[in-house]
Amino acid sequence: MSAEELHGHGFGANPSPRIVMMGLRRGGKSSICQVMFHNMQPLDTLYIESTTAPTTSVFSSFIDFAVMELPGQINFTDAMIDAERIFSSCGALIYVIDSQDEYINALANLHSIIIHAVNANPTINIEVFIHKVDGLSEDFRLDAQRDITQRVTDELLDDGLVNVSISFHLTSIFDHSIYEAFSRVVQKLIPQLATLENLLNVLCQHSGIDKAFLFDIGSKIFVATDSSPLDIPTYEICTDFIDITVDMNNLYAVDRRPKSGSRTDPNANSNNNNNNNHNNGIAVNQNTTDRPEPIPPGRPIGSTSRLSNGVILYLQQMVKGLALVCLMRKESMPKIALVEYNIEFFRDALEQLWLIG
Amino acid sequence: MAGARRKLLLMGRSGSGKSSMRSIIFSNYSAFDTRRLGATIDVEHSHLRFLGNMTLNLWDCGGQDAYMDHYFSTQRDNIFRMVEALIFVFDVESKELRKDIETFVLCLRNLYEFSPSSKIFALVHKMDLVILEKRQDVYRALMKSLEDTSAMFSFQVQGFATTIWDESLYKAWSSIVCSLIPNVALFQKHLQTFADISEADEVILFEKTTFLVISHVTNPRSPGFRSDSTRFEKISNIIKQYKQSCSKLRAQFQSLSIRGTDSTSYLDTMTSNTMIMVIMSHKPDIRGSSNLPGGNDINGDGDESLADEAENNIILANIKIARKMFEKIEMMNPDDR
């Protein structure tokens, strides 16, 4: 692992938000990237090989951001100069700690990394993922979080670093906590966040919507939400709702692969193509079928679902791989035309935001 | 007369996957959750109401050798009498295939004696453990010997390759349960009428709790993109997962409508035991360019959303009207023909 290699894997000229992921080896960094950005099933991450070189996943949807994962074996003291180059060009540093293992070494490593990172880039956000918490009981999780938070902040205080923006998240790839944590990380990096929240607040107030989220369809992280309190079951059901909308759409979508020249070519050999697509099956636990291609252009996709407790889930596809997911009461249904009218304005606002930004 | 009771025997060697299957289909377990299940002690009875007037009496028989010996000796009478269907599960990785088939033959022999008119189903399970290219061959090889043995007792065996990790499980169980519904042809006929009148591309009738497909109708003139032959099972699987997520919010979903790029699907309650899914493809010629009279069309598809709304209401109205007919079919005495 030479300095040149590390140098060569920089973010290049990409000015959009960049996130660097570090941590000791076997902490779970590659698994997180695979599950979130490459649609791998959480159970399949057992078979991932150890990462030997820095890997960058470029994630381009609403905002192009790149996640660079540095292998755990890197000895940082060797390649420090180049590491500073990386830190100075990134917005957030995610440090993954394996909570099921002894984390004292990880904390020492984290401490030295923070020092270097803050020296290179004082505005960097440090995010600590206390990972693999699915194997711990509830009390243990809180204990671990408290312990780690205490130790890290104490050490930083000892060194006189007071203005470090650092947050701690309990995560696991086997449930929605990783998505939620990643959403929070990404939100801090989006310059348009305040505007988006404001737009959502206005939309909710004027349309009788209880809760609205702006989700990224591919990775299911939420970019923004309105100011009403967020609870996790709501977030989870919205992600599941997106999954079924996309799955059902793909089941009945016309095969638009480049080989069939025209857009709607029902006589193309969609038989073979679709079967190859769908032979991965659906893992019943969490995620969904392989989604090799983004939703094709056309009228925006939407879906509605009524639940027995009077809640209505409403999804509308927005620009750039985003989707607006709202929860409303069933009393709003008779006025759904007005809600849709408002949402059109919201969509226009999003389009303008991205034209400018 | 009370509703029909159909007795189903679920048998197979120990560890073949019988209880896991049962929990997934009938008890809303996810595939991941089934690892918690332990060995079944003797016979576990479940009574499952299906379609209102039919009760499935599922006998999940523990597969340990000790229990199996009992079934074929002291409990023969009890187990094999009045059976409507035998579902025998073969573990594709079994090292004692010979013994499995022998057990199967013993079951057939007893059934021949006590319930000669029962249906026979063989599930070749845990197919996910076989590599993709070999699956067809492995399945065919096993089925050949099973077909031969069943023929000895003049039974016709129907086979399925299944795994809990994809939708094949739903296909197998849908077929099994449907073969037991006495008036399934009537459902099919009325569903066809419904589909013709609604000009739908596809109409599927699901049972509400298990989401097994009772009947489906496809319009032959619909666009050729309906080529995925496993789509029904996939829909069962997808909707079942959605059901489970909704239960996290302590609610159940009542209806679902998804407007996709090429078609719109509507899922709504039909009767108290069934749900119906109607799939209409988007017809490009109807989406005309006429503007709303006197209106401000913000983004040019105001007329499209009007047409959507109209279609939505029409489908829902059709479902409402059809409901009575379907309720009547369900309530019909199952032993009338």
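Before any of the text, the structure's been laid out above.
Remember, predicted model here, so these are calculated numbers, not experimental data.

A description of helix α7 (residues 184-198) of chain B should follow, citing residues and the corresponding values.
Residue and element names in this part refer to chain B. Its 15 residues place the ends of α7 21 Å apart at the C-alpha level, agreeing with the 21 Å of an ideal helix rising 1.5 Å per residue. Among the residues making up α7, those that are buried are F187, H190, L191, F194, A195 and S198. The buried residues of α7 occupy one face: seen down the axis, they fall within an arc of 145°. Every exposed residue of α7 that faces more than 90 degrees away from the buried side is listed here: A185, K189 and I197. The first or second residue beyond α7 is E199, which carries a positive phi of 55°.

A description of the pairing of strand β7 (residues 202-207) of chain B should follow, citing residues and the corresponding values.
Residues and elements named next belong to chain B. The buried fraction of β7 amounts to six of the six residues, a majority that puts the element mostly inside the structure. Side-chain alternation along β7 places E202, I204 and F206 on one buried face and V203, L205 and E207 on a second face that is also buried. The hairpin turn running from β7 into strand β8 (residues 213-218), its antiparallel successor, is five residues long, and F211 in that turn takes a positive phi close to 60°. In the sheet, β7 pairs with strand β11 (residues 274-281) via six bridges, with the strands oriented antiparallel. Following the sheet pairing, I204 is matched in β11 by M277.

Would you mind going over the packing of aromatic side chains in detail, with residue names and values included?
Overall, the coordinates contain 19 aromatic pairs over all chains when judged by the stated rule. Here F129 of chain A and F182 of chain A contribute two aromatic rings whose centre-to-centre distance is 6.2 Å and whose plane-to-plane angle is 70°, an arrangement assigned as edge-to-face. Of the two residues, F129 of chain A is situated in strand β5 (residues 125-131) and F182 of chain A in helix α6 (residues 177-189); the sequence distance between them amounts to 53 residues. There is no split in this pair, since F129 of chain A and F182 of chain A are both buried. Between F88 of chain B and F90 of chain B the ring centres are 4.9 Å apart and the planes differ by 50°, which places this aromatic pair in the tilted class. Of the two residues, F88 of chain B and F90 of chain B, neither departs from the other in class, the shared state being buried. Three or more aromatic residues joined by ring pairs make a cluster, and in this case those are F241 of chain A together with F206, F211, Y242 and F253 of chain B. Across from the ring centre of F213 of chain A, 5.4 Å away, lies the NZ or CZ of K211 of chain A, which sits over that ring.

Could you give me a rundown of the sheet that holds strand β10 (residues 263-269) of chain B, with the residues and numbers involved?
Hydrogen bonds between backbone atoms are what pair the strands of a sheet, whose relative direction is either parallel or antiparallel. Ordered by their spatial adjacency, ten strands build an open sheet running β8(A)-β7(A)-β11(A)-β10(A)-β9(A)-β9(B)-β10(B)-β11(B)-β7(B)-β8(B), and the pairing between neighbours is antiparallel. Two strands bound the open sheet, and with one partner strand each, they are β8 (222-225) of chain A together with β8 of chain B. Between one strand and the next, the sheet's axes are offset by a mean angle of 15°, whatever the strand orientation. One ladder, built from seven bridges, connects strand β7 (residues 209-216) of chain A with strand β11 (residues 322-329) of chain A; its direction is antiparallel. By the bridge assignment for β11 of chain A, I209 of chain A is matched with M328 of chain A. Where α7 of chain B meets the sheet, its contacts fall on β7, β8 and β11 of chain B, and the angle it forms with β8 of chain B comes to roughly 40°.

Tell me what's going on with the side chain of Q187 of chain A, and back it up with residues and numbers.
Among the secondary structure elements, Q187 of chain A is positioned in helix α6. Owing to a relative accessible area of 9%, Q187 of chain A belongs among the buried residues under this scheme.

Any chance you could break down helix α1 (residues 18-27) of chain B for me, citing the residues and the numbers?
Residues and elements named next belong to chain B. Taken across its ten residues, α1 has nine buried, putting it largely inside the fold. Of all the positions in α1, only K18, S19, S20, M21, R22, S23, I24, I25 and F26 are classed as buried. One or two steps after α1, the chain reaches N28, where phi turns positive at roughly 60°.

Describe in detail the pattern of salt bridges, supporting the description with residues and values.
Scanning the model with the defined rule gives 19 salt bridges over all chains in all. For D243 of chain A, the salt bridge goes to K220 of chain A, with nearest N and O atoms at 3.0 Å. Of this pair, D243 of chain A sits in helix α8 (residues 232-251) while K220 of chain A sits in the loop between β7 and β8; the two residues are 23 residues apart in sequence, bridging distant segments of the chain. A relative accessible area of 5% means that D243 of chain A is categorised as buried. The shortest N-O distance in the salt bridge between R22 of chain B and E44 of chain B comes to 2.6 Å. Taken as a pair, R22 of chain B in helix α1 and E44 of chain B in strand β2 (residues 43-50) lie far apart in primary sequence, 22 residues in all.

Tell me about the packing of α8 of chain A against helix α8 (residues 231-248) of chain B, and name the residues and values.
Two elements in contact, α8 of chain A and α8 of chain B, have axes separated by 9 Å at closest approach and are oriented at 170°. In terms of orientation, α8 of chain A and α8 of chain B fall into the roughly antiparallel class. Classified by chirality, the crossing of α8 of chain B by α8 of chain A is left-handed. Contacts from E236, I237, D240, F241, I244, D247, M248 and L251 of chain A of α8 of chain A reach α8 of chain B at R231, K234, I235, I238, Y242, S245, C246 and K248 of chain B.

Give a description of the sheet that holds strand β4 (residues 85-91) of chain B that names residues and reports values.
Residue and element names in this part refer to chain B. Taking strand neighbours across the sheet as the criterion, the six strands line up as β2-β3-β1-β4-β5-β6 in an open arrangement whose pairing is mixed. A strand with exactly one partner marks an edge of an open sheet, and here the two such strands are β2 and β6 (157-161). Strand-to-strand twist across the sheet, computed as the mean angle between neighbouring axes with direction ignored, equals 20°. Packing against the sheet, helix α4 (residues 97-114) makes contact with β1 (4-12), β4, β5 (119-125) and β6, and its axis sits at approximately 175° to β4. Packed onto the sheet, helix α6 (residues 168-180) meets β1, β2, β3 (54-61), β4, β5 and β6 and runs at close to 175° relative to β5.

Could you give an account of the pairing of β11 of chain A, naming the residues involved and the relevant values?
Residue and element names in this part refer to chain A. β11 sits mainly inside the fold: seven of its eight residues count as buried. Where strand β10 (residues 311-317) lies against β11, seven bridges are found, and the strand directions are antiparallel. Its bridge partner being in β11, L313 is matched across the sheet by L327. Hairpin connection, β10 to β11: the antiparallel pair is bridged by four residues, and K320 has positive phi, about 55°.

Rules and cut-offs
- Residues numbered from 1 in each chain as written.
- Chains lettered and ligands numbered in written order.
- Predicted model: local features only at pLDDT ≥ 70, side-chain atom pairs only at ≥ 80, totals over all residues.
- Heavy atoms only, no water.
- Helix = DSSP H or I, 4+ residues; strand = E, 2+ residues; numbered from the N terminus.
- Expected span 1.5 Å × (residues − 1).
- Buried < 20%, exposed > 50% of the residue type's maximum accessible area, 1.4 Å probe, protein only.
- Arc of directions from axis to C-beta.
- Pairing = 2+ DSSP bridges.
- Phe/Tyr/Trp six-rings, centres within 6.5 Å; stacked < 30°, edge-to-face > 60°.
- Lys NZ or Arg CZ within 6 Å of the ring centre and 35° of its normal.
- Axes fitted to C-alpha atoms, helices over the stretch in contact; angles between N-to-C directions.
- Contact = heavy atoms within 4.5 Å.
- Salt bridge = Lys/Arg side-chain N within 4 Å of Asp/Glu carboxyl O.
- Parallel < 35°, antiparallel > 145°, perpendicular 65-115°, else oblique.
- Left-handed = near helix turned anticlockwise from the far one by under 90°.

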